[in-house]
Protein chains: 2
Amino acid sequence: MARSIHVRRPATLASLAAELGVSRTTVSNAYNRPDQLSPELRRRVLETARRLGYPGPDPVARSLRTRKAGAVGLLLTENLSYAFRDPAALGFLEGLALACEGAGQGLHLVPVNPEREDVAAVHRAGVDGFVVYSVPDDDPHLAAVLSRPVPTVIADQPHIEGVDCVGIDDGTAITELAKKLITLGHRRIGVVCMRLARDRNDGFAPVERQQSAHFHVQRTRLSGLAKAFETVGVDWASVPVVERFDHSSAMGASAAAQLLDSDSQITALICTSDILALGALAEAKRRGLRVPQDLTITGFDGIVEAERVGLTTVRQPVLEKGKAAGRLLLSPSERTRPRSITLETEFLPGITAAPPRTTEERWFGP
Amino acid sequence: MARSIHVRRPATLASLAAELGVSRTTVSNAYNRPDQLSPELRRRVLETARRLGYPGPDPVARSLRTRKAGAVGLLLTENLSYAFRDPAALGFLEGLALACEGAGQGLHLVPVNPEREDVAAVHRAGVDGFVVYSVPDDDPHLAAVLSRPVPTVIADQPHIEGVDCVGIDDGTAITELAKKLITLGHRRIGVVCMRLARDRNDGFAPVERQQSAHFHVQRTRLSGLAKAFETVGVDWASVPVVERFDHSSAMGASAAAQLLDSDSQITALICTSDILALGALAEAKRRGLRVPQDLTITGFDGIVEAERVGLTTVRQPVLEKGKAAGRLLLSPSERTRPRSITLETEFLPGITAAPPRTTEERWFGP
DNA sequence: ATGAAAGCGCTAACAT
DNA sequence: ATGTTAGCGCTTTCAT
């Protein structure tokens, strides 16, 4: 196939029209409005197009003219590989992609170079709207998106005046989980969380860092925990919270180790994601701690793997979240905006939570 | 934030220029060539832009003028959800996304409605090139992509004259694996494979269906197996090959069951993907068959999960494959095209392959 | 059923 | 350092 011939666009709609001795309108109609054309002429147009190697109307020119790009932009968290390895992000992506596919819209992943603060890609994206998923509150890319005159939907981020959004009630969900642990009797806990800000901090996160966290989801989950435990008289400032920049089971394990080493009296490890919790589970096993008899461990998200091992966690409908974001963006924009969708979560009891052992039991067995 | 004001583009580069009493070139330069402008004037331009709510140059118009869309199109397998759940496809996607990100290019997922044969989306995509990943040979979308006058890279598909491609040597890799089993003594085998064509066939796949399979990867893997086993005198037509349309562990399990039920003498199950093999493993366990003592099971891909359970398989560098596709497409197009990249695979011995038990051992134990 | 005219909003030579 | 001139390739009223 002599594709090299096509490297430079060989023909345009205009040149085709000239060749055929018809107007450009007619050629355009041949492609876009077959009914506006005698079948005979249409065949001739298409035939000549093939002969001249005319590939059909240029999409970009068409977009300029129609003011429709036919694509949705997606702004993902700083680190792309992170998103592809996080089941929650992946589920969201799949849901959004499904929604776009259903509407015949492309999904344009905006290239965000984590190194440079290069917002140009946001301005360069030819899209009809944006979805922004879980980026830090102060991310300049988010600001860039909001400056573009197209509809935008944000997901898993704090509400922004005038912008549609979709998410879950992270705070309430985790508060509910915390209450279960409290009811079981846990008071001495350790917390493992994901990155709270764009600067790397693999270690303890003091309260002020928690409260000023740039990642909405993590901030909200932590404050939800704080609220629950303070209700029963636990001083939140005394609760060790360990942060990990990278989101992996290995990090969950090391964080769990750090907590267990720092305080042997801890009876429960609350993790703000299932991935981290699975790592904590591994660390417990490594130490010969039985879960849940010796140690309670909980997660968040409800990923498949977690369900398989019976992790006590909260399931959130990630696929639905992505679909909802897509629908919000693509639905015939009623003038009732902004709209806000909060999806339901579900507590999964699992088998990794139980009452804490008393100190006596620790020494003398149950 | 009064974003609704922006719903209709309020200002253009031209109107801004008029307002400022400068030429459009100057405004354009303020955005694209800061050095061509006195800092003072530039500040004035940007300032006025903000005041007028001018969001910067329209990306589509710019693309039309510069003939650069700043994005790469990706044509994925028929079913999108499939791609998001297949670790191999996902790895490819991640690698490609990484390459695009590195080059500052967007990644435009082309919406392919599995129902309709709607090729329009391919023509509508404003991209500078395409990557086509593992679609059926006769997919009309592939033809549509090739008809567009932009560079294209195909992955995991048969070579097309004049088109860059990237892949692995599926045939050789699986032949090598087959030879290991042959050396171990296996002659009576069963094969589990993924969908071979676009029509659903959950059951045995006769040789002619295998050979006319529309999915290159599956076709090649099967013929690689046939080659190896025919070498040692096994009549391939007598080897049961079971096909499954959906790609999941559950399907792998049911396919394994079908094979085991149809021939109790089978000593090894060769699966053309790890996902299927994991299902086969589960089915063996369910039946109380010990692997590998009672039954040898092998996979293909080298996904994390497979490695964790010690599956005997072939690892392919999926992430690298995606990166390579991106590089091929984005590299300063040397005129040495077409180029073809074949990545190396690696046999992973694992612990799920062993010599077959003799009939006597079957009855009387080892 | 077909054509003429008028841009969509921008950038890139080429002046000055 | 700034302006002039010419389109990029297409669709869309509005005529005929």
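This text goes with the structure placed above it.
Residues numbered from 1 in each chain as written. Chains lettered and ligands numbered in written order. Predicted model: local features only at pLDDT ≥ 70, side-chain atom pairs only at ≥ 80, totals over all residues. Heavy atoms only, no water.

### As for unusual backbone geometry
Next, step 1: Looking along the chain, the bond that leaves A:Val291 and enters A:Pro292 is cis, with omega of 10°.
Next, step 2: Relative to the helices and strands, A:Pro292 resides in the loop between helix H13 (274-286) and strand S10 (296-298).
Next, step 3: The backbone phi angle of B:Ser134 is positive, close to 50°, even though this residue is not glycine.
Next, step 4: Accessibility expressed as a relative area gives 15% for B:Ser134, which makes it buried. (Helix = DSSP H or I, 4+ residues; strand = E, 2+ residues; numbered from the N terminus. Buried < 20%, exposed > 50% of the residue type's maximum accessible area, 1.4 Å probe, protein only.)

### Brief notes about the protein's contact with DNA strand C
Next, step 1: Around DNA strand C, a shell composed of 29 residues is seen, among which A:Thr25, A:Thr26, B:Leu13, B:Tyr54 and B:Arg65 lie nearest.
Next, step 2: Each atom of DNA strand C within 4 Å of the protein was assigned to sugar, phosphate or base; sugar and phosphate come to 61%.
Next, step 3: At 3.0 Å, a backbone N or O of A:Ser38 approaches a phosphate oxygen of DNA strand C.
Next, step 4: B:Tyr54 is positioned such that a nitrogen or oxygen atom in its side chain is 2.6 Å from a phosphate oxygen of DNA strand C.
Next, step 5: Elements represented by at least two residues in the surface near DNA strand C include exactly helix H2 (24-32) and helix H4 (59-66) of chain A together with helix H2 (24-32) and helix H4 (59-66) of chain B. (Near = heavy atom within 4 Å. Polar contact = N/O pair within 3.5 Å; in protein donor to acceptor, adjacent residues only side chain to side chain.)

### A look at the sheet that holds strand S7 (residues 203-204) of chain B
All names here are of chain B.
Next, step 1: Spatially, five strands are ordered S7-S8-S6-S9-S10 in an open sheet, and the strand pairing comes out mixed. Looking along the sheet, the strands with just one partner apiece sit at the ends: S7 and strand S10 (296-298).
Next, step 2: Relative to strand S9 (residues 268-271), strand S6 (residues 189-193) is paired through four bridges, and the arrangement is parallel. Residue pairing in the sheet places Ile189 in a bridge with Ala268 of S9.
Next, step 3: Packed on one face of the sheet, helix H13 (residues 274-286) meets S6, S9 and S10 and runs near 160° to S10. (Pairing = 2+ DSSP bridges. Contact = heavy atoms within 4.5 Å. Axes fitted to C-alpha atoms, helices over the stretch in contact; angles between N-to-C directions.)

### With respect to the interface of chain A and chain B
Next, step 1: Contacts between chain A and chain B engage 56 residues on the former and 53 residues on the latter.
Next, step 2: Across the interface of chain A and chain B, roughly 4600 Å² is buried in total on both sides, 57% from carbon and sulfur atoms.
Next, step 3: Taken together, the connections running from chain A to chain B amount to six salt bridges.
Next, step 4: A salt bridge links B:Asp58 to A:Arg67, with the nearest nitrogen and oxygen atoms 3.1 Å apart.
Next, step 5: Remark: the boundary between chain A and chain B carries eight residue pairs in polar contact (both at pLDDT 80 or more).
Next, step 6: Contributing elements (two or more residues each) for the side of chain A that touches chain B: H4, helix H5 (80-85), helix H6 (87-102), strand S2 (106-109), helix H7 (120-124), helix H8 (140-147) and helix H14 (304-309) of chain A.
Next, step 7: Looking at which element gives the most residues to the side of chain A that touches chain B, the answer is H6(A), with seven residues.
Next, step 8: Across the side of chain A that touches chain B, the residue classes break down as 29 nonpolar, 13 polar and 14 charged.
Next, step 9: The pairing of S2(A) with strand S2 (residues 106-109) of chain B spans three bridges and is antiparallel. Bridge assignment links A:His108 to a residue of S2(B), and that residue is B:His108. (Buried area = accessible area lost by both parts, 1.4 Å probe. Salt bridge = Lys/Arg side-chain N within 4 Å of Asp/Glu carboxyl O. Nonpolar A, V, L, I, M, F, W, Y, C, P; charged D, E, K, R; others polar.)

### Some remarks on the relation of the copies chain A and chain B
Next, step 1: With an RMSD of 0.1 Å, the operation that places chain A on chain B is a rotation of 180° combined with a shift of 0.0 Å along the axis. The symmetry that links the two subunits is that of a two-fold axis. Residue A:His108 of chain A places its C-alpha closer to the rotation axis than any other residue of that unit, at 2.1 Å.
Next, step 2: A symmetric contact is evident, with 95% of the interface residues of chain A recurring at the interface of chain B. (Least-squares fit on C-alpha atoms with pLDDT ≥ 70 in both.)

### Observations concerning the packing of aromatic side chains
Next, step 1: Considering all chains together, one arrives at six aromatic pairs over all chains under this definition.
Next, step 2: Just above the ring of A:Phe245 sits the side chain of A:Arg195; from NZ or CZ to the centre is 3.8 Å. (Phe/Tyr/Trp six-rings, centres within 6.5 Å; stacked < 30°, edge-to-face > 60°. Lys NZ or Arg CZ within 6 Å of the ring centre and 35° of its normal.)

### Focus on the environment of B:Val45
All names here are of chain B.
Next, step 1: With respect to the secondary-structure elements, Val45 resides in helix H3 (residues 39-52).
Next, step 2: Exposure remark for Val45: the relative accessible area of 0% places this residue in the buried category.
Next, step 3: Through-space distance from the C-alpha of Val45 to that of Val27 is 6.6 Å; in sequence the pair is 18 residues apart.
Next, step 4: Residues contacting Val45, with those up to four places away along its chain left out, are Leu16, Leu20, Val27 and Ala30.

### Re the side chain of B:Ser63
Next, step 1: For B:Ser63, the position within the fold is in helix H4.
Next, step 2: Sequence-distant contacts of B:Ser63, that is, excluding residues within four places in its chain, are made with A:Val60, B:Lys68 and B:Ala69.

### A closer look at the protein's contact with DNA strand D
Next, step 1: If you check the shell around DNA strand D, you find 29 residues, and the closest are A:Leu13, A:Tyr54, A:Arg65, B:Thr25 and B:Thr26.
Next, step 2: The sugar-phosphate backbone supplies 60% of the atoms of DNA strand D found within 4 Å of the protein.
Next, step 3: A:Arg24 has a polar side-chain atom sitting 3.1 Å from a base nitrogen of DNA strand D.
Next, step 4: Contacts to DNA strand D include A:Arg33, whose side-chain N or O atom sits 3.4 Å from a phosphate oxygen.
Next, step 5: Within the residue set of the surface near DNA strand D, elements represented by two or more residues are H2 and H4 of chain A together with H2 and H4 of chain B.

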